[in-house]
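Understanding the architecture of this molecule
For reference, the chains in residue letters:
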Amino acid sequence: HNAAYGSFRPPVIGLLGIFLANGGLERFGRLRAGQTVAMKGDCPSCGEEVYAFMPGNAPTARVECECHVCERRLAFTAEVASAENARWRRVATGRIYL
């Protein structure tokens with residue numbers, strides 16, 4: 001009887017995977033609809049590549065986060081514009097500040 005109980009594993013990992021996949025699909029849907037833009041650049045402190053998802057439905061955007069390597073606080077600022085020839089119908093240019 002203990003062997004059967006020991007081999008049972010609740011599907012916690014599977015449920016976590018479904019939750020993460022669903023969140024990714026929602027974010028991808030907002031990206032495709034032009035409601036979100038993805039920005040990437042180099043951390044001004046350590047030089048590691050960092051990225052952020054920013055609102056794509058406003059002409060300017062600012063998002064604060066932290067570098068996943070040196071843990072410094074960063075601020076992404078961007079100007080967002082519509083572009084029918086762009087893959088996701090929005091383009092953004094900006095900078096990363098400490």
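Each remark here, short or long, concerns the structure printed above.
My aim in this report is to walk through the structure given alongside it, one point at a time. (Residues numbered from 1 in each chain as written. Predicted model: local features only at pLDDT ≥ 70, side-chain atom pairs only at ≥ 80, totals over all residues. Heavy atoms only, no water.)

**Let's talk about the environment of Thr36**
- Along the polypeptide, Thr36 turns up in strand E1 (residues 36–42).
- A C-alpha to C-alpha distance of 9.6 Å links Thr36 and Ala58, two positions 22 residues apart in sequence. (Helix = DSSP H or I, 4+ residues; strand = E, 2+ residues; numbered from the N terminus.)

**A word on the packing of aromatic side chains**
- Tallied over the entire structure, the rule returns one aromatic pair.
- Both rings, one in Tyr51 and one in Phe53, keep their centres 6.3 Å apart while their planes meet at 80°; by these two values the pair is edge-to-face.
- A relative accessible area of 60% places Tyr51 in the exposed class. (Phe/Tyr/Trp six-rings, centres within 6.5 Å; stacked < 30°, edge-to-face > 60°. Buried < 20%, exposed > 50% of the residue type's maximum accessible area, 1.4 Å probe, protein only.)

**Comments concerning the sheet that holds strand E4 (residues 73–82)**
- Pairing within the open sheet is antiparallel, and its three strands lie in the order E3-E4-E5. Each edge of the sheet is formed by a strand with only one pairing partner; in this case those strands are strand E3 (60–66) and strand E5 (90–97). Taken over all neighbouring pairs, the strand axes of this sheet differ in orientation by 25° on average, direction set aside.
- In terms of strand pairing, E3 meets E4 through seven bridges, oriented antiparallel. (Pairing = 2+ DSSP bridges. Axes fitted to C-alpha atoms, helices over the stretch in contact; angles between N-to-C directions.)

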